[in-house]
Amino acid sequence: MIRSPIPAACAVACAALFGAAMAAPAAPQMAAPGAAVVRIHVLSSPAAHVSGGDARIAVRAAPGLHDKLELWLNGRPIGMPLASRGDRLEGMVRGLVTGDNRLEVRHRSSGLRDALTLTNHPITGPMFTGPQQTPFVCNTTQSGVGRQPLVDSATPPGNKVIANGNVIGYSRDCSIQTFVSYWYRKSTGGNLVAMPADGSRPADMGTTTLPDGRTVDFIVRREVGSINRFLYSIAMLSPLPAADTAAQDDTSRWNGKLLYWFQGGVAIGHSQGRVHGGSMNPDILGQGFAIVHSSGNNTGTHYNLNLAGETAMMTKERFVERHGVPTYTVGLGGSGGAIQQYIIAQNHPGVLDALLPVQSYPDMVTQTIHVGDCELLEHYMDATDRGNPKWQVTKNRSWLVGMNAEQDDVGNNAKVNDALAPLKLALGYGTAKGSSECIPGWRGLSPLAMNPNYGQADNQQLYEPQSEIAAIRWTHYDDLRNVYGVDASGAARPTWDNVGVQYGLRSLKAGLITPAEFLNLNWHVGGWKHPSQMVQEGFPFFGTGASEINKALTVPGYFDPWSRRNMNLATVPALPAPRTAGDPLAMRAAYTSGHVFSGRLDVPAIDHRQYMERELDMHNVHQSFAVRKRVSDRMGHSDNLVIWFTDTTPGVPKASQTLEALAVMDEWMANIRANPGAGIAGNKPLRAADACYDLQGQPIARGAGVWGGILDGQGAGACTQRFPIYGTSRTVAGAPIEGGIYRCALKPVAQAVADGTYAPWVPTAADIATLQQIHPQGVCDYGRPDQARP
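On a predicted model such as this, the values are computed, not experimentally measured, just so you know. (Residues numbered from 1 in each chain as written. Predicted model: local features only at pLDDT ≥ 70, side-chain atom pairs only at ≥ 80, totals over all residues. Heavy atoms only, no water.)

Chemist: Please provide a residue-by-residue account of the overall build of the protein chain, values included.
Modeler: For the protein chain, the helix and strand inventory stands at 22 helices and 32 strands. Relative to the 2.2 N^0.38 estimate, which gives 28 Å for 790 residues, the radius of gyration of the protein chain is 28 Å and therefore close to what a compact globule would have. Its C-alpha atoms put the protein chain at 90 × 65 × 55 Å along the principal axes. A buried classification covers 59% of the 790 residues belonging to the protein chain. Across the protein chain, the centroid of the 66 positively charged side chains sits 2 Å from that of the 65 negatively charged ones. (Helix = DSSP H or I, 4+ residues; strand = E, 2+ residues; numbered from the N terminus. Rg over C-alpha atoms; globule rule 2.2 N^0.38 Å. Buried < 20%, exposed > 50% of the residue type's maximum accessible area, 1.4 Å probe, protein only. Lys, Arg positive; Asp, Glu negative; His and termini not counted. Charge placed at Lys NZ, Arg CZ, Asp CG, Glu CD.)

The following block contains the structure:
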């Protein structure tokens, strides 16, 4: 079943129902003409997406009416549980039933004044993401939580709940009892540590100075609980509560601003995940910000971004219910944490008011397109074309993979080659040092995403029955089976496709590879088997210990870092290796579900990253400009988006601009509040401009044009000159920088020859026949849009 990430009702309401601006669709006024206006709104979430049986409500009415109004819930009076705050009444309404609830505000004399329908969902979810994934493995005893999950079933299936060494029941939802703990920062700095159990003030207590000038003890209150089956954390500065205070909700040291921490990583679900340490960042908490986080907003838990959006909505709802509406909510997170920000801002307007993406990509799903090429091309260079001396010069591998390649072993690449180089030499696969980014950056990601046999979840041994764990299809596609749909076998539909892709085309045109090499590459490169046909991986995916190395040397085919066993390779010399066609329904669903970043950006964003191309880090820097190109194409400009790079040296501590970005964004948001008519671009502070920074984090250049030459066809700007930018296998094949082409439009080989696709090479009749044999359906025409796009 294919589901949209956000129902139409939410798309309309979300933008207005989160944050400071809370005008919402309201029921028609019921009072007599001339009566004072009374309006009821939900502050904590869209009215259609309330969870947990309660909601923070506001009733806007003249102060003189406050003591004359009362609320009715589902036909019963509940008095007025809201407190008077100027021109509105605000507070919590509890006791909502699952499903629709009618909330009315009535004048005690004149009757109904306004009404609203609230649709309540269980706190365990889901709201709109469809059937929940099973089996689902709890992690409540890990990640600093240290709690057994609550029993919700007497029998399996579920996670064992253990007390005194005995199984006392099972948990399917992985819920825990919400708890509060207190932490402090020492006067010497560093990370937060737990307060003494007796509540005494430690002698080494640090202090922090708030924006209003107050200097206070550096004490943080942290609430941890479970929402949507994931673990959440809410942290903010707080005084220690009095011994007899149960509420533990003092906000006197909160600056009114909320930071939502998004974490990166790559995983494919079936796990509750862990609360990340970044949710207790002392440098941010010390400024008075509150930080909210969920293990469901950690792509090291899963990569279903519909589920991530739903979880962010529910978790922010909890914060607003407990502490009130923040002045603004800013996202912060790197890699998958950056992707979540772009996708949630696109799909769920109003959850985030500002973005601070770090080491960004525009989305995850379109990264799989070119990342899926990596091992095909590395296998070609290592094995199929191993006798070609060009590939023994590792730097040349960029000619095919597009990403950077380094001749020297640096960073993670050194560790990779320490394990593989002796085996490659012994087995006759060449002696080239160094590698392309495909190896240290992406090796293992193709089997993780595509191979249903390759995967596991932490703590899975505590789940019963184990037969359900054994039956999991460990693929990205199955993680998103509610999005991509399933085929007749019950397996999720795959998206990966390379029909018509002409690998190495731009290198051919540049004279870096010969026509014969170009034809040989495309004849042999092949594709990937359907996940249902894949088998378990080999060396080095299960370790590099002595027994595995011996097995790799003695068992034919066990040495397989490329996952060759799961490739479509040529079996008959006279026929080219078959390409792979993705499922068009799955591709289309990636778009319609909102998993593809379309470029919609209605909030300010400072996209900042450390430049780590030299160490072949997976966060290749062209991605920031892929984001910008998509934004420009969709919005007609990219004025809301600022891009910063900071230089680095492999193996040396790296400077970070994150705290500067947070300060600049705070100024930007203050300007917007003070002068809303000027819009986002019109309120930019001076520092909210494209820039690049040196190794110490000091500015090199800032302002319009510093990234010239990347997207605009102009001369190279100061930052462009300083920071080389690489591409992908698909940009080498002719695709645009923004990527995201699942299924290219095809044109006949004869047309490609006629229109100069291969120029200056002019294929002979024999060459054309070979090209037509490789590409019987035609070759990619990247001048036309993705054929999978709705």
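Chemist: Requested: an account of the pattern of salt bridges, with residues and values cited.
Modeler: Counting across every chain of the model gives 39 salt bridges. Of the charged contacts in the structure, one is a salt bridge between D633 and K629, with a shortest N-O distance of 2.9 Å. Of the two residues, D633 and K629 are both situated in helix α17 (residues 622–635); the distance of four residues between them amounts to about one turn of the helix. Classification of D633 as partly exposed rests on a relative accessible area of 48%. Each member of the salt-bridge network shares a partner with another, and the members are R56, R85, R88 and E90. (Salt bridge = Lys/Arg side-chain N within 4 Å of Asp/Glu carboxyl O.)

Chemist: Tell me what's going on with the pairing of strand β28 (residues 641–646), and back it up with residues and numbers.
Modeler: Within a regular strand, the side chains alternate between the two sheet faces. Of all six residues in β28, six are buried; the element is thus mostly enclosed. Of the two faces of β28, the one carrying L641, I643 and F645 and the one carrying V642, W644 and T646 are both buried. Note: strand β27 (residues 605–610) against β28, six bridges, orientation parallel. When the sheet's bridge partners are listed, R609 is paired in β28 with F645. Chirality of the crossover, the property in question, places the unit of β27, α17 and β28 among those that are right-handed. Sheet analysis places β28 next to strand β29 (residues 691–693), joined by three bridges and oriented parallel. The residue bridging F645 from the neighbouring strand is C692, located in β29. In this fold, the crossover linking β28 to β29 by way of helix α18 (residues 658–674) has left-handed handedness. (Pairing = 2+ DSSP bridges. Right-handed = clockwise from strand over helix to strand, strands pointing away.)

Chemist: Report on unusual backbone geometry, specifying residues and quantitative values.
Modeler: Outside of glycine, negative phi angles account for most residues, and trans bonds account for most peptide bonds. Along the chain, T134 connects to P135 via a cis peptide bond; the corresponding omega equals -10 degrees. By the element assignment, P135 lies in the loop between β9 (111–121) and β10 (158–163). The residue after P156, namely P157, is reached through a cis peptide bond having omega 5 degrees. Relative to the elements of secondary structure, P157 occurs in the loop between β9 and β10. Even without glycine at this site, S335 takes up a positive phi of about 60 degrees. Residue placement: S335 occurs in the loop between β20 (329–334) and α4 (336–347). Taking the relative accessible area as the measure of exposure, S335 reaches 14% and is therefore buried.

Chemist: Tell me about the nonpolar core, and please be specific about residues and values.
Modeler: Within the largest apolar cluster, 116 residues are counted, with the highest numbers of intra-cluster contacts made by F518, F645, W707, Y742 and Y758. No other element matches helix α5 (residues 367–384), which puts eight residues into this core. Not counting the four nearest positions on each side in its chain, Y742 is found in contact with V365, T366, I369, T495, D497, M587, A590, Y591, V596, D786 and A788. (Core = buried A, V, L, I, M, F, W, Y, C linked by side-chain atoms within 4.5 Å. Contact = heavy atoms within 4.5 Å.)

Chemist: Please give an account of the sheet that holds β10 that cites residues and values.
Modeler: Taken in spatial order, the three strands of this open sheet run β11-β10-β24, and their pairing is antiparallel. In this open sheet, the two edge strands, each paired with only one partner strand, are β11 (166–171) and β24 (463–464). Inspection of the sheet shows β10 paired to β11 by five bridges, in the antiparallel sense. In the sheet register, K160 faces β11, and the bridge partner there is Y170.

Chemist: Give a description of the side chain of S233 that names residues and reports values.
Modeler: Along the chain, S233 falls in strand β17 (residues 230–237). A distance of 2.9 Å separates the side chain of S233 from the side chain of R222, its partner in a polar contact. (Polar contact = N/O pair within 3.5 Å; in protein donor to acceptor, adjacent residues only side chain to side chain.)

Chemist: Help me get a handle on α18, residues and values and all.
Modeler: Taking 1.5 Å per residue as the helical rise, α18 with its 17 residues ought to reach 24 Å, and the 24 Å between its terminal C-alpha atoms agrees with that figure. Within α18, burial applies to T658, A661, L662, V664, M665, W668, M669 and I672. Taken down its axis, α18 places every buried residue within 165 degrees of arc, on the same side. Residues of α18 that are buried in the fold lie against β18 (258–261), α2 (282–285), β20, β21 (354–358), β27 and β28. (Expected span 1.5 Å × (residues − 1). Arc of directions from axis to C-beta.)

Chemist: Account for the side chain of N568, naming residues and giving values.
Modeler: Mapped onto the secondary structure, N568 falls in strand β26 (residues 567–568). A distance of 3.0 Å separates a polar atom in the side chain of N568 from the backbone oxygen of W528. The contact partners of N568, leaving out residues within four places of it in the chain, are G526, G527, W528, K529, A577, P578, R579 and T580.

Chemist: Just give me the short version of the sheet that holds strand β8 (residues 99–107), but keep the residues and values in it.
Modeler: Reading across from one edge, β2-β9-β8-β4-β5 is the order of the five strands in this open sheet, with mixed pairing throughout. Since the sheet does not close on itself, it has two edges, and those belong to β2 (50–51) and β5 (76–79), each with one partner.

Chemist: Before we move on, can you summarise the packing of helix α14 (residues 515–524) against helix α22 (residues 765–774) with the specific residues and values?
Modeler: Two numbers describe how α14 lies on α22: the axes approach to 10 Å, and their chain directions differ by 20 degrees. When the axis of α14 is compared with that of α22, the two are roughly parallel. Handedness of the crossing formed by α14 with α22: left-handed. On α22, the residues touching F518, L519, N522 and W523 of α14 are D767, T770, L771, Q773 and I774. Per-class residue counts for the contact of α14 with α22 are five nonpolar, three polar and one charged. (Axes fitted to C-alpha atoms, helices over the stretch in contact; angles between N-to-C directions. Parallel < 35°, antiparallel > 145°, perpendicular 65-115°, else oblique. Left-handed = near helix turned anticlockwise from the far one by under 90°. Nonpolar A, V, L, I, M, F, W, Y, C, P; charged D, E, K, R; others polar.)

Chemist: How would you explain the packing of aromatic side chains if you had to name every residue and give the values?
Modeler: Summed over the entire model, instances satisfying the criterion amount to 25 aromatic pairs. Relative to W562, the ring of F559 has its centre 5.8 Å away and its plane inclined at 85 degrees; by these criteria the two rings are edge-to-face. Residue F559 shares its accessibility class with W562, and that shared class is buried. Relative to W761, the ring of Y758 lies with its centre 5.6 Å away and its plane at 80 degrees, an arrangement referred to as edge-to-face. W761 shares its class with Y758; the two are buried. In this structure an aromatic cluster arises from ring pairing among Y611, F625, F645, W707 and F723. The positively charged end of R106 is found above the aromatic ring belonging to W72, 4.1 Å away from the centroid. (Phe/Tyr/Trp six-rings, centres within 6.5 Å; stacked < 30°, edge-to-face > 60°. Lys NZ or Arg CZ within 6 Å of the ring centre and 35° of its normal.)

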